[in-house]
Each structure stands twice: as structure tokens, then as C-alpha cells.
Amino acid sequence: MIHRECGVLKTSYAADMALYPLPIAKWTVGVLAVIFFAVIPLALHEYYLSIANLVWIAVIGALGLNILVGYTGQVSIGHGAFMSVGAYTAANLVTRLDSPWPVNLLAGGLMAAAVGAVVGIPSLRIKGLYLAIATLAGQLIIEWIINHVTFISGGVQASIPVPRPYLGTMELSSQRDMYYFLLVFVVLAIVGTLNLVRSRIGRAFIAIRDQDIAAEIIGIDIFRYKLLAFAISSFYAGVTGVLYTYFLGIANYEQFQIGVSIDYLAMIIVGGLGSVLGSVLGAIFITLLPIVIRLSMEAFGGLFLEPQTVLNLIPNLRLMMFGALIIFFLVVEPDGLNRLWRNIRNYFRIWPFAY
Amino acid sequence: MSDETGFFLLLMSNGLLIGLMYALIALGFVLVYKATDAVNFAQGEFVMISGILVAAALGVWGAPLWLAVALGIGTMIVFGFGLERVMLRKLIGRPVIAVVMATIGLASILRGIGPTAFGAGSRPLPLPISDAPFVIGPLFIPPIQLVGGLVSLLFLTGFGWFFVKSRKGIAMRAVADNQQVAMAMGINVQRYFGLAWAMAGLVSALGGIIWGSSVGVDVNLALVGLKVFPVVILGGLDSIPGAVVGGLIVGVVENIAAGYVDPYVGGGTKDFAPYVLMILVLMIRPYGIFGKKIIERV
Amino acid sequence: MRQFVIGLLAALVALAGGLGTVSPAGANHEIVIGMQCDRTGPTQIVGTVLCPGKHDYIALVNSKGGVEGHKIKALEVDHEYKVPPGVESYERHKKEGAVTIDVYGTPHIYALTAKLTEDRIPGTSPGFGSAAAADGTRYPYIFPIAATYWSQGAAAVHFAKQQLGGSLKGKKIAYIFYDNPAGREPIEVIEDLAKREGFTLRTFAVPPPGVEMGAQILDIAQRFRADFVIGHLFGGAPAVSIKELKRVGYPLNKVVSFVWGSAEANIEAAGGFATAEGYYTMQFAGVGKDYPVLNEIREMYKKQGKPAPKEMESTVYYNRGVLIAALHVEAIRHALKAKPDGKITGTDVKAGFEKISNFTLGGLVPPLKITPTDHEGGGLVQIWQVKGGKFVKTTDWFSAYPDVLADHIKKAASK
């Protein structure tokens, strides 16, 4: 967090593990809350809020994936499919039973958790690359099932329109309404993850990641915790899928294909594996990167090149920069944006004195 | 011979031939994994970029075929060496996901470079091979697939010999087995890593030429890369004969699925069936059919 | 470290500069068309030709003084065929004051349908998207403006009937399709027609990406022995289907392809026009270079001292781009006629679209008639055959089985 921690002496483990590591952190959080809940939504145009909304959706999904990949060390290339499970569960509930959105949200998450745990079963026997490819198979198989079972997909178009969520009698339809709606879940997801990773479960996950055999020896039931990691991660994914469905007003499996899974992996790697702040930063970075590249190219590219060339160049340049940045982070800053942030903070911590 | 038997034979021959074409792409993947323990999620993009390069050399610059092919192969070999030096050397010893993600990033770069440098349109990659099939009884054998299959088998024997008999091949196996011991024995580990990537580049170049000639060249050629995973998992990630056998199994399973399952399901099970088979194999033999049996278990 | 922090700050400043240059909405009297494009995603073969076609037409309109005295600004955003950037691009277009959105991609039109309707901005889905959206009463702000997959299916069956001597009784038709929602959409229509015309229909699914379809084609040619093949494939798959059909010796003049397997690019990738001789393609815009509007575009480039763009060689997609842009401009023209002060909104352009009738650009555009109830405009297509190194027109604009299509639209609405 953004503050200086002079003169703090922790005298117990409980204090060291507290959600707010420093007394002043409460104030920082308060200021951040004011910025995100009041300043940003009231000051910015709806367009920027729509970008913020895409970021919020990505944040929740990235947090979930980081629990699995970053904290538990199990690679998954099936995150997009778990989102689609949540999305279609909610869409079916709302069209068949007309259930309210909190029910759908929970049901979507739980269904995704169940499916995720099933896809996670091979993790008990295989790991690393083999597991990555097994989850890739899970992604393709789930896609195929949604695409072909009309009971789930609601017809050959495999897309189910979903009405806007209501809060009491207020319909949440504008980007500003959605901003608040999503932000609440982002806060819940962040606090939930922070609490999870400092709990018994979270420590078990980290133990499995760091040395699974040792973890088993100290009495961690690997079987249970690995499946739990898949389930929790998929629960987040399912909730992301439901939120996305409400955001767009439609559930459509083509929005959850393999490219999405890869984008989320990119987010947590660029952000920093095994870090909550990293998941948030990574989600922001990967979502904003193409937009920023495009806007700057539109602003400056015309100075040197023909407009038609610019139009062709922007998207390809974006692809290349996306790839190059991922490689850059992997090679130069393996701990991602989270580490960068800490480096900067450490720099300013003793600023203006160099040592 | 009844129609049904004839059709079955046709499906089988088609499956075996296309399986060898898959094996050609899987070989590049296996070579890298065998020697360096790295996985290449950009295998499809390697194939795509070499296909685009050769097609552009033929179509745009009007190079003769031998020169275009040589250019494609040469570029890919240099590219393999360079890639190892610039990117992969820095990732040695890092978790598997780091390499996976780095190659995914590389894939993204290649997909941007292809159209920027050579234009986005589809191009033919004409080889002096006729499209007219050889007809043997009920079978149609397309010459291009025959060539692809032959190249696969050639590589299989070539690389088989290389790894078993040649000095370099044995050194490469030593590197793959235990890098530290290999280094202690005076083997230049980094050079062999580079060599492995260059070999993967060579195989990809040929894969790009043959697949490109078969389906036309544009960015979508990279999608053949997705076929690689069931092939290599079935065969075993580090086994060259495994790549060929895996390819054959996937080819046959796909054709059986399309010919006999699709009519009852009403959807394409062709791409889906190999993955289901793959999951089953993973549960029974996690190291594939021919893979090294030292998979870590928990 | 210090250098790094400075570098980072510099990057942030540059970023803020980039964001700051987005011009505010409504600052000028240009009419803005929001244009989505895919120049890098899986359909880039289409996008890199289609989008220049749109821009060229709009440049042509502007070079002649614009529409009713107003210049048109086409704001293109590439979304790489991914949905989140598609949503973002829509919001961007809305912010820039776009009065009509040229949506690109089936998942995108699905994702934006609710938004477009709430914000009252018309969006078009030419040749893709949901066929049920032809129903203007149910989807007031969605305009397919070209033949939907249902219309294409009906037209393909009608064409097969003509080619097989006027009756399909007892004939066998194979429908080979890309196994995604777009590919499956026409099946219900074709199945109905099979009952009505008395032919046997078998469907053959090709799972994406469709780089290999030997088994399906063998089945069509050797086991099912189809009398006619209707193809509905995307990306590289049409080229593969042409090659495979050729290889098993199936006559290509018994094959008709839907609109996305019908371009020069597909034929080229299959090995050139000589290989694909006989192949029938379905088109929702005229093919070839011989249209007055294309001459004007070439003229415009000549005046600027530039050669005509190479995209014009790929006439199928380029002409479709011109068609799409022209229909948007035409809708704006009708809107401006109703409101000459230029302060038009999405609702006005919607009404403008619904007034489009008999706007043909010398044959490049079919004689559509878009009405408040029919947003498809009749579902007209032409069939062009690969013959002697080029596309040759086989039929004029036609549509088929309107009663069957109307039934399906009604059924979809009652769901």
C-alpha cells in the first residue's frame, strides 16, 4: 500500500498476519475507497467507465486464476471454459426460473466450482506441462459440450439473452450503474482472496506449490487441497462469467474461448504470480495495453504514415507489443508488476536518501 | 468389396496419411522438449511463418522453388538459434508456466509479424506436385500427403539415427538427461540447446511448406499447431517414434470419429475425440505411450 | 533504480498524452460512423480487404462534398475478433457521437444487441449474426442489411433445385458446415426445405479450424454420394474443402458455397482459379471491377496522384466493404433529408435505414427494400461461378422460399 511504515514494531504473529499490516493502512484504504467509489465514477465519461468495467471483470477472473496458478502452483489453461459454465448456468436459471441475480451469481459460481474440481482431478496424478495440456483438453471439451447440447446452450445460436439485473426496483443498465455493481464484487473478491491466502487453506496451497511432498509429510491432504484450489479458482471464474453475462446482457460461448484463458494467464504472469496486488495490476495492464497502444498510434502514427497504413499497422503492432511485453516481463522481471511496484515503493521509502 | 468396407479403408488410409502430416509438426515440438525440457506453444506459428515466408518468396519475389525452400529452411534454422540465445537461455531453470507463457508471447509476435511483413491475404504455395490422386483399388492417395508422410518418416529415421548413433545426438541426450552432469562432462549445454531449437526450426519449415501447399498460406495456418497436443501427449512428450505413433493414432481416431460418430451426434467430434482419448491415456499412462517413465507423482 | 523510476514516469506522461488526444464529442459537424474491423484476428483475410473498401467509399463521398453538405467520419476500431475490445470500441464510438455502428462479427453483434437497443443506435450485421434479427419489430435497432444465413440456406437449396433439373425429389444434398453457431444456424431452414422438396439431407460438421476434412469429404463423395453440396465454411476451411472435393473427384459444379467461402482469397488458397473451375459462390454484393462506383474510386485515387489500392483486386470483399459503407451513408442521407440541420441521432438513422429502397449503385448493391418490419431487405443474393480464371455471374439477384423464412422468423419471435 501507499504509505510509509516508520516506527511500526510487530510483537505477535497475529499482528504480522493482519489484513491491515499497519494502522495507517486503514486510512489508505479509506482514501482509495473514496477515489474508486466517488471520484472516478463521477468524474469520468461513460466510455472510460466501460473500460473500467472490463478491467473489473478481468480483476475478479485474474484473482481466481492466481489462487490456482500463483498460490497452489497448478497450471490451468481452462479458465475461460469455467467462466462459460458460470455464464450459462446463470443464463439458464434466469430464462427458465426467472431467478434473481444474487441466486444466479452464486449458482453460477458453484456450478463452475464443481466443474472445475472435476477438471482438476488429473492434477492428482500429473503436474506441470501434462496438467496444462489436460486443462486445455478440459477447455475444449467444455466448449464442445456447451456448443452442442441445446439444453445448455438454448438453441443452435448458443447464446441466451439475459435481462439487466435489478437492485430493488432500479435497473442497472448504464455503464455507471454497472461500475458500482461490479466494483462491489471486485472489493469482495480482493478481500476474500487476501483472507483466503493468509488462512490455513491458503498456507496449505502455498505449501503444495513450494514442495508438495514436504506438504504431504506435514499432514496436508494434497488430494483435498488441490481439488479445493481448482474449485475456489473456478468459483471466481464462474462469478466472472456471470458478471460478464450481466454486463453484456447475453451469454455466448464464443466469448469464453481459449484465447480468453490465455489472456488471463498473461494477466497473472505480467502482474505477478502469487500476489493479490499483482493480479489486479496485471488485469489492468493487459486490458488497457491494447487500448493505450491504439490511442497513441491514432494520435502520433498519422504524423509519419499514411492513414490506411496506420489502420493496418495498429492492430499488428498491438499483437507484437503484447507478445514482446510478456516475454520482457518473463525475462527481466519474473515477479511481474507486483515486484516493480515494490521496487518503486522501496525506492521512495528511503527517499531522498540513497541508502 | 462392399461400399462400406471400401469407405472404411478410405477412412483408414486418409487417417494414416494425415496422421503422418500431424507427426511432422509434432516432431518439432518433441525435439525441443526432448533436448531442453522446454515446451513450445508457438509451434503452429513457426509453421505458419515459414509457410508465409516461402509463399512470399515464390509469389512476390518470384524466386525459384529450390531457392524459396532453402530460404525458408535457412531462415528458420537461424531463427531457432537466435531465439534460444535471446529468449530461452534466460528462462532456463524457470517453472514450466514461464516457458509456456513466453512461447505464447512469441506466438503473438509472430502472428503480428507475418501479415505486417508479407500482407494478410491468403496465398497459394504451389509445389510441383500434382493434385490428382493415385488411385489404388478403392483408395485415393493425394500426392502431397504422401510427400508429407515420407518427409515425416525420413525425419523419424534421421533423428532416430542422430540421437542413437551420432556424437552430437548422444551429447544432446546427455544434456536432456541431466544438465549439470553434462556440463561437468565438458558438454557445451547452451550450444546444444541452440542446436535443438534450430532443428525444431528446420522441421517446422518443412511442415510449413507441406501444410501450406496443402491448405494455403495465411495466419490461420498456425491453427494446425493445436493438433500437436494430443499427438505428443499420446506418444509421450520426449519420444520421436511417439510423435509418429501419436500422429497416426490421432489421424485414425479423427477419421473414425468423423465417419462413424458424427452422424449420430450431429456435431463435429473430430477435434474433440483425440482430446478425450488423451485424457484417458493421461489417467492410465501419464507419460504417454513411449515417454520416459520418470513422471513426478504426488 | 532512479533511472528506472524516471523512465516509468516518462512512460506515464506519454500514456496520459495518448489518452488526452481523444477529441471530445460533438465538436464538429461531421457525422460519425462507428466501424469495427478485424485486421489481426482469425478473420483478418476478410478484414484487411473489407475495411479499406469501406474507407474508400466514405472518402469518395467526402470528396464529392459529403452527404447533404455534411462530411462523414468513419472511426475504425480493430477488435481482433475478441469481444471485450468490441464492447470497448462500441463505447468509444458512442462517446465520439456515432449515429450508426457497423458491427463486425457474430459474437459481437450478440454482445451489443442489448446495448444498441438501449442506446437507440442502429447496428448492422451484414452477412452474419442472428437470422432472427431480420425481424424489425423484435430487434428495432439491429439491421442485417444483407442475406442472413437462413436466406442463404434457402437460396442455396433453390439454386440446387435449378441445377438438378427443377426438382429435388429423391435427390441427396450434403450440407457441410463449420461447427459453430453460425454454421449450424441455417440447418433448421434447410431441414424444413428437405421435407417440402422431398430431398434427403445429411449434415457434415467440420470443427474449427477446419484445416483437415478428409473424412467428411470422403463420406460425401463415396458413401453418401451427394447429388449436390452446400458449403458453409469460414477462414481457411473453404479452400481445404475445394481441394479435398477435387481430390476425390467430386465435380465442383455441383457445389455452392455460402458468402464467407466465396472470395478470391479462398480460390487462391485452394490453388488458383484453374483448380476451382466450376465452383459456385454466393454473393451479397456484386463481384468484379466493372461498377461505376469503383471507377469513381479509381478516379479519385488518380486525382490524388496515387495508384488504386491493391485491395481493389480482391473484388469480393472490397465490394462488400463498399456496399456496407454505402448503405450506412444512404441511411444517413435519408436521416439528413428529414433533419437538414445535421443534428441527427441514432433514431433518425434507424428511420433512414428503414427508408432504403432500390439503391443499387449500378448493380453492386442488390435492390434491397428495408422496412420497419424487414431489416434484411429481402435477403437477395447472386450466384457467381468460377469459370475461365474469373468469377462469372450465373444468376441475377434472387431470394427463395420467403414463406418458409417468414415461418422461422415468426417461430423465433414467439420463443
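None of these values were measured; they are calculated from a predicted model. In this convention, every chain numbers its residues from 1, walking through the sequence in written order. Just so you know, chain letters begin at A and ligand numbers begin at 1, following the order they were written in. Only residues with pLDDT of at least 70 get local features here, since the model is predicted, and only at 80 or more are side-chain atom pairs given and counted; chain-wide, interface and lining totals rely on the full set of residues.

K.L.:
Got a sec to walk through the overall build of chain B? Specific residues and values, please.
P.N.:
For chain B, the count of helices and strands is 11 helices and two strands. Numbering of helices and strands runs from the N terminus; a helix is a DSSP stretch of H or I covering at least four residues, while a strand is a stretch of E covering at least two. Its helices and strands taken in sequence order, chain B reads α-α-α-α-β-β-α-α-α-α-α-α-α from the N to the C terminus. The C-alpha atoms of chain B give 19 Å as radius of gyration, which agrees with the globular expectation for 298 residues (19 Å, within 12%). If one aligns the C-alpha atoms of chain B with their principal axes, the spans along those axes are about 65 × 50 × 35 Å. Counting across all 298 residues of chain B, residues that qualify as buried make up 58%. Any residue pair is listed as a contact if its two C-beta atoms, each placed from the backbone, are within 7 Å. Of the contacts made within chain B by residues no fewer than 6 positions apart, 76% connect residues no fewer than 24 positions apart. Radius of gyration means the value over C-alpha atoms here, while the globule rule gives 2.2 Å times the residue count to the 0.38 power. Put simply, a residue is buried when 20 or more other C-beta atoms lie within 10 Å of its own C-beta and exposed when 12 or fewer do; between those, it is partly exposed, and each C-beta is set from the backbone.

K.L.:
Tell me about the overall build of chain C, and name the residues and values.
P.N.:
When its secondary structure is counted, chain C shows 14 helices and 12 strands. In summary, chain C has a C-alpha radius of gyration of 22 Å against a globular reference of 22 Å for 415 residues, a match within 12%. Once the C-alpha set of chain C is aligned to its principal axes, its extents read approximately 70 × 60 × 50 Å. Scored against the burial criterion, the 415 residues of chain C give a buried share of 63%. Within chain C, counting contacts between residues at least 6 apart in sequence, those at least 24 apart form 71% of the total.

K.L.:
Please give an account of the packing of helix α4 (residues 79-96) of chain A against helix α11 (residues 222-248) of chain A that cites residues and values.
P.N.:
What describes two packed helices is the angle between their axes and the distance between those same axes. All names here are of chain A. Note on method: axes are straight lines fitted to C-alpha atoms, helices fitted across the in-contact stretch only, with angles between N-to-C directions ranging 0 to 180 degrees. At a closest axis distance of 7 Å, the pairing of α4 and α11 adopts a crossing angle of 55°. Taken together, α4 and α11 sit at an angle that is classed as oblique. Along this stretch, α4 crosses α11, giving a crossing that reads as right-handed. Seen from α4, the contacting residues are H79, F82, M83, S84, V85, G86, A87, A90 and A91; seen from α11, they are S234, A237, G238, V239, T240, G241, V242, Y244 and T245. Between 65 and 115 degrees an angle is taken as roughly perpendicular, under 35 as roughly parallel, over 145 as roughly antiparallel, and anywhere else as oblique. By convention, the crossing between two helices is left-handed when the near helix turns anticlockwise from the far helix through less than a right angle, and right-handed when the turn is clockwise.

K.L.:
Got a sec to walk through the interface of chain C and chain B? Specific residues and values, please.
P.N.:
In this complex, chain C contributes 36 residues to the contact, which on the side of chain B involves 35 residues. If you list the elements that add at least two residues to the side of chain C that touches chain B, you get α2 (44-63), β7 (200-206), α8 (214-224), α9 (237-247) and α10 (264-269) of chain C. Broken down by element, the side of chain C that touches chain B gets its largest block of residues, seven residues, from α8 of chain C.

K.L.:
Could you give an account of the interface of chain B and chain A, with specific residues and numbers?
P.N.:
In this assembly, 37 residues from chain B lie in contact with 38 residues from chain A. Listing elements by their share of the side of chain B that touches chain A, those giving two or more residues are α4 (96-118), α9 (228-235) and α11 (272-284) of chain B. Top element by residues in the side of chain B that touches chain A is α4 of chain B. It accounts for 17 residues.

K.L.:
Can you break down helix α3 (residues 46-71) of chain A residue by residue, with the values?
P.N.:
Residues and elements named next belong to chain A. In this model α3 runs 35 Å from its N-terminal to its C-terminal C-alpha over 26 residues, within 8% of the 38 Å that 1.5 Å per residue would give. Fitting axes to the seven residues that end at a residue and to the seven that start at it, the angle between those axes gives the bend at that residue. Of all the bends found along α3, the most pronounced is centred on L65 and spans about 35°. Within α3, 24 of the 26 residues are buried, which leaves it mostly tucked inside the rest of the structure. Count one or two residues on from α3 and you reach G73, which has phi positive near 75°. For a helix, the expected span equals 1.5 Å multiplied by the number of residues minus one.

K.L.:
If you had to explain unusual backbone geometry to someone new, which residues and values would you point to?
P.N.:
Here the phi dihedral of D98 of chain A falls at roughly 55°; this positive angle occurs in a residue that is not glycine. Following the sequence through the fold, D98 of chain A ends up in the loop between α4 and α5 (101-119). Phi at R120 of chain C takes a positive value of approximately 55°, unusual for a residue other than glycine. As for its placement among the helices and strands, R120 of chain C is situated in the loop between α4 (106-119) and β4 (123-124).

K.L.:
Let's hear about the confidence of the model for chain C: which residues, and what values?
P.N.:
Residues and elements named next belong to chain C. Taken over all residues, the pLDDT of chain C has a mean of 87, while the share at 70 or more is 93%. In the predicted structure, residues 17-28 sits below a pLDDT of 50 and forms 11 contacts with residues beyond four places in sequence or in another chain. Interface scoring of the predicted complex returns ipTM 0.84; its pTM is 0.88. Values of pLDDT, which run from 0 to 100, indicate the predictor's confidence residue by residue.

K.L.:
Can you explain the sheet that holds strand β1 (residues 31-37) of chain C? Please cite residues and give values.
P.N.:
Residues and elements named next belong to chain C. A pair of strands counts as paired when DSSP detects no fewer than two bridges linking them. Strand order in the open sheet made by the five strands is β2-β1-β3-β4-β5, with parallel pairing throughout. Among the strands making up the open sheet, the edge pair consists of β2 (72-78) and β5 (142-143). When β1 meets β2, the two strands line up parallel, connected through seven bridges. In the strand pairing of β2, V32 is matched with K73. Against the sheet, α2 touches β1 and β2, its axis set at about 165° to β2.

K.L.:
A description of α11 of chain B should follow, citing residues and the corresponding values.
P.N.:
Compared with an ideal rise of 1.5 Å per residue, which puts 13 residues at 18 Å, α11 of chain B spans 19 Å between its outermost C-alpha atoms and is within 8% of the ideal. Buried residues of α11 of chain B: F272, A273, P274, Y275, M278, V281 and L282 of chain B, and no others. Considering only its buried residues, α11 of chain B is in contact with α6 (128-148) of chain A together with α9 and α10 (240-265) of chain B.

K.L.:
Describe in detail the nonpolar core, supporting the description with residues and values.
P.N.:
I60 of chain A together with A26 and A196 of chain B are the most contacted members of the largest nonpolar core, which totals 358 residues. In this view, A196 of chain B contacts L31, V32, A35, T36 and M172 of chain B; residues no more than four positions away in its chain are not counted. By our criterion, buried Ala, Val, Leu, Ile, Met, Phe, Trp, Tyr and Cys residues that link up through C-beta atoms within 7 Å make up a nonpolar core.

K.L.:
Could you give an account of the sheet that holds strand β12 (residues 390-393) of chain C, naming the residues involved and the relevant values?
P.N.:
Residue and element names in this part refer to chain C. Sheet architecture is open: seven strands sit in the order β7-β6-β8-β9-β10-β11-β12, paired in mixed fashion. Bordering the open sheet on either side are β7 and β12, each of which pairs with just one other strand. Sheet twist, expressed as the mean angle between neighbouring strand axes with direction ignored, is 25°. Of the pairings in the sheet, the one linking strand β10 (residues 280-283) to strand β11 (residues 382-387) comprises four bridges and is antiparallel in character. Residue pairing for β11: Y280 is matched across the bridge by Q385. Against the sheet, helix α5 (residues 149-163) engages β6 (172-178), β8 (228-232), β9 (255-257), β10 and β11, with an angle of about 160° to β8.

K.L.:
Can you tell me about the pairing of β7 of chain C, naming the residues and giving the values?
P.N.:
All names here are of chain C. Extensive coverage of β7 is indicated by the burial of five of its seven residues. Here seven bridges tie β6 to β7, and the two strands are oriented parallel to one another. Residue F177 lies in a different strand from β7, and its bridge partner there is A205.

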